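# Reading the structure
The residues making up each chain are set out below.
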Amino acid sequence: MSSLIATVTNDLSQDQRMHRICGSLAQAGYSVTLVGRELPHSLPLKEQVYRQHRIRCKHLRGKRFYWEYNQKLSRYLKQQQPDIINSVDLDTLWAGYRAARKTGAKLVYDAHEYFSETPEVVGRKLVQTVWRRLARRLIPRADLCYTVGPALAKEFQRVYGRDFGIVRNLPYRRKDQFLEPPAGPKILLYQGMLNQGRGLYTLLDAMAELPNYELWMAGNGDLEAELRAYADQSGIADRIKWLGFVPPAELPAITRQAYLGFNLLIPESASYYFSLANKTFDYIQAGVPAFHMHFPEYLQLDQDYGGVILQGRLYLEAIVCEIQELEREPARYQQLRQACLQAAEELCWEKEEGRLLGYYEGL
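The following refers to the structure shown. (Residues numbered from 1 in each chain as written. Predicted model: local features only at pLDDT ≥ 70, side-chain atom pairs only at ≥ 80, totals over all residues. Heavy atoms only, no water.)

## Considerations on the overall build of the chain
Within the chain one finds 14 helices and 13 strands. Against the globule reference of 21 Å for 363 residues, the chain gives a C-alpha radius of gyration of 21 Å, in line with a compact fold. Principal-axis analysis of the C-alpha atoms gives the chain an extent of 65 × 40 × 40 Å. For the chain, with 363 residues in total, the buried portion stands at 55%. Restricting the contact set of the chain to residue pairs at least 6 apart, pairs at least 24 apart contribute 67%. Taking the 45 positively charged and 42 negatively charged side chains of the chain as two groups, their mean positions are separated by 9 Å. (Helix = DSSP H or I, 4+ residues; strand = E, 2+ residues; numbered from the N terminus. Rg over C-alpha atoms; globule rule 2.2 N^0.38 Å. Buried < 20%, exposed > 50% of the residue type's maximum accessible area, 1.4 Å probe, protein only. Contact = heavy atoms within 4.5 Å. Lys, Arg positive; Asp, Glu negative; His and termini not counted. Charge placed at Lys NZ, Arg CZ, Asp CG, Glu CD.)

## Quick word on the side chain of Thr7
Position of Thr7 among the secondary structure elements: in strand β1 (residues 3–7). Owing to a relative accessible area of 0%, Thr7 belongs among the buried residues under this scheme. Among the polar contacts listed, one links the side chain of Thr7 to the side chain of Thr92, at a separation of 3.1 Å. Those residues within four positions of Thr7 in sequence are excluded, and the remaining contacts are Val35, Leu73, Leu77, Asn86, Ser87, Val88 and Thr92. (Polar contact = N/O pair within 3.5 Å; in protein donor to acceptor, adjacent residues only side chain to side chain.)

## Side note on the sheet that holds strand β13 (residues 308–311)
The parallel open sheet is built from six strands, whose spatial order is β10-β9-β8-β11-β12-β13. In this open sheet, the two strands that pair with only one neighbour each are β10 (240–242) and β13. Geometrically, the sheet is characterised by an average inter-axis angle of 25 degrees between neighbouring strands, direction not taken into account. Where strand β8 (residues 186–191) meets strand β9 (residues 213–218), six bridges bridge the pair, whose relative direction is parallel. Residue pairing for β9: Ile187 is matched across the bridge by Glu214. (Pairing = 2+ DSSP bridges. Axes fitted to C-alpha atoms, helices over the stretch in contact; angles between N-to-C directions.)

## Comments concerning the side chain of Thr9
By the element assignment, Thr9 lies in the loop between β1 and α1 (16–27). Polar contacts involving the side chain of Thr9 include one to the side chain of Asp91, which spans 2.8 Å. The residues contacting Thr9, other than those within four sequence positions of it, are Arg37, Phe65, Tyr69, Asp91 and Thr92.

## Observations regarding the nonpolar core
Membership of the largest hydrophobic core comes to 46 residues, with the highest contact counts inside it found for Leu188, Met217, Ile240, Leu260, Phe262 and Ile323. With 39 residues, the next largest nonpolar core counts Ala105, Ala135, Ile139 and Phe164 among its residues. (Core = buried A, V, L, I, M, F, W, Y, C linked by side-chain atoms within 4.5 Å.)

## Thoughts on the sheet that holds strand β2 (residues 31–38)
In space, the seven strands of this open sheet follow the order β3-β2-β1-β4-β5-β6-β7, with parallel pairing throughout. The two strands at the open ends of the sheet, each matched to only one other strand, are β3 (51–56) and β7 (165–166). The sheet strands contacting α1 are β1, β2, β3, β4 (84–88), β5 (106–111) and β6 (144–147), and the helix crosses β2 at an angle near 160 degrees. Across the sheet, helix α2 (residues 62–80) touches β1, β2, β3 and β4, and the angle it forms with β2 is around 155 degrees.

## Things to note about the environment of Ser42
For Ser42, the position within the fold is in the loop between β2 and β3. For Ser42, a relative accessible area of 18% puts it in the buried group. With 32 residues separating them in the primary sequence, Ser42 and Asn10 have C-alpha atoms 9.7 Å apart. Residues in contact with Ser42, not counting those within four places in the same chain, are Asp11, Arg37 and Arg54. In terms of polar contacts, Ser42 uses its side chain to reach the side chain of Asp11, at 3.1 Å. A polar atom in the side chain of Ser42 sits 2.7 Å from the backbone nitrogen of Leu39.

## Here's the deal with the pattern of salt bridges
Within this structure, the stated rule accounts for 13 salt bridges. In this structure, the salt-bridge partner of Arg228 is Glu224, at a minimum N-O distance of 3.3 Å. Pair noted here: Arg228 and Glu224 are both in helix α7 (residues 224–234), with a separation of four residues, about one helical turn. Looking at Arg228, the relative accessible area reads 35%, which means it is partly exposed. For Glu346, the salt bridge is made with Lys351, and the minimal N-O distance between the two is 3.2 Å. Among the charged side chains, a network of salt bridges with common partners joins Arg168, Glu352 and Arg355. (Salt bridge = Lys/Arg side-chain N within 4 Å of Asp/Glu carboxyl O.)

## Brief notes about α7
Turning to α7, its buried residues number three or more, namely Glu224, Leu227 and Ala231. For α7, the angular spread of the buried residues around the axis is 65 degrees, confining them to a single face. Structural note: α7 exposes Ala225, Asp232 and Gln233 on the side pointing more than 90 degrees away from its buried face. Turning to α7, the residues buried within the fold contact α6 (200–208), β9 and β10. Backbone geometry just downstream of α7 places Gly235 in the positive-phi region, at approximately 75 degrees. (Arc of directions from axis to C-beta.)

## Let's talk about unusual backbone geometry
Look at Leu12: it is not a glycine, yet its phi comes out positive at around 80 degrees. On the secondary structure map, Leu12 appears in the loop between β1 and α1. Located in the positive-phi region is Asp89, a residue other than glycine, with phi close to 70 degrees. Note on Asp89: relative accessible area 10%, which makes it buried.

In structure tokens form, the structure reads like this:
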């Protein structure tokens, strides 16, 4: 039995992608451990079919955190001496590379995003330069690389000069989600981190033009306090429901109540431009049509399956107009919804995990 350690920098409680990946690998016969960080507010971990381990750090953010975490992670990996190290994203790759070189383990790079091009990094030139140099040095040395979608895989191949496989972040099949939205005010849903670059202020502005709707925000993040204050100032606070962090197991019951979902992103971030967000497939699996940007992956999704509403830019008027038109054209809305329900048959983890297992068998 091959031993495998997967590493992330979050606290494990809300990483649906890694729970699916580690679960599939464990059920396929690998001895799997998922390693993350322990934060002051971390919830107790739920039992899984694989082991979980958290690392506590004195520093919680910034370069001091990344340095401390990677040092401690590197020591842990060297002590455990796994056969395979799965470094998730660039912020754990340095530790994975050091440990793999020391122990002879196979090194896998699982890129969930274009780390050096995220909004939090772009604009901080020195920080971005460090991450870019680290990526160019370490990624080509991994034994296996894969990412979340074809567009990002193609971009990585261009930048780093090596092949990337594709493992999309698909949810498990959930037929029980296929319910009609409840009666009452229509619910607009955003699920995900409340961070910059995600069109959240535009979404709040839209609520001022849509008095018959509620907006549910399922997630937390750096902008939460500012967004709450902005909603109060805009006079729409009574129609905004702040759900905070929702455990993954509870999220589908919320998603299926929505009339429309939202995944609005700024085009200036290459990480967003090449993204294929997991919320995209959560909306589809629940039969909820959703707004997405006119970026490569969402354009391809629309061409292949339908059920998405594409936006060229974050224009408030265009978003409001589209929502109002859908309300006036219930037949069109039902067409979008049926397209989601049909796509859900194909876009599920049960049909994606075989690709993941094939990559690891190749090691």
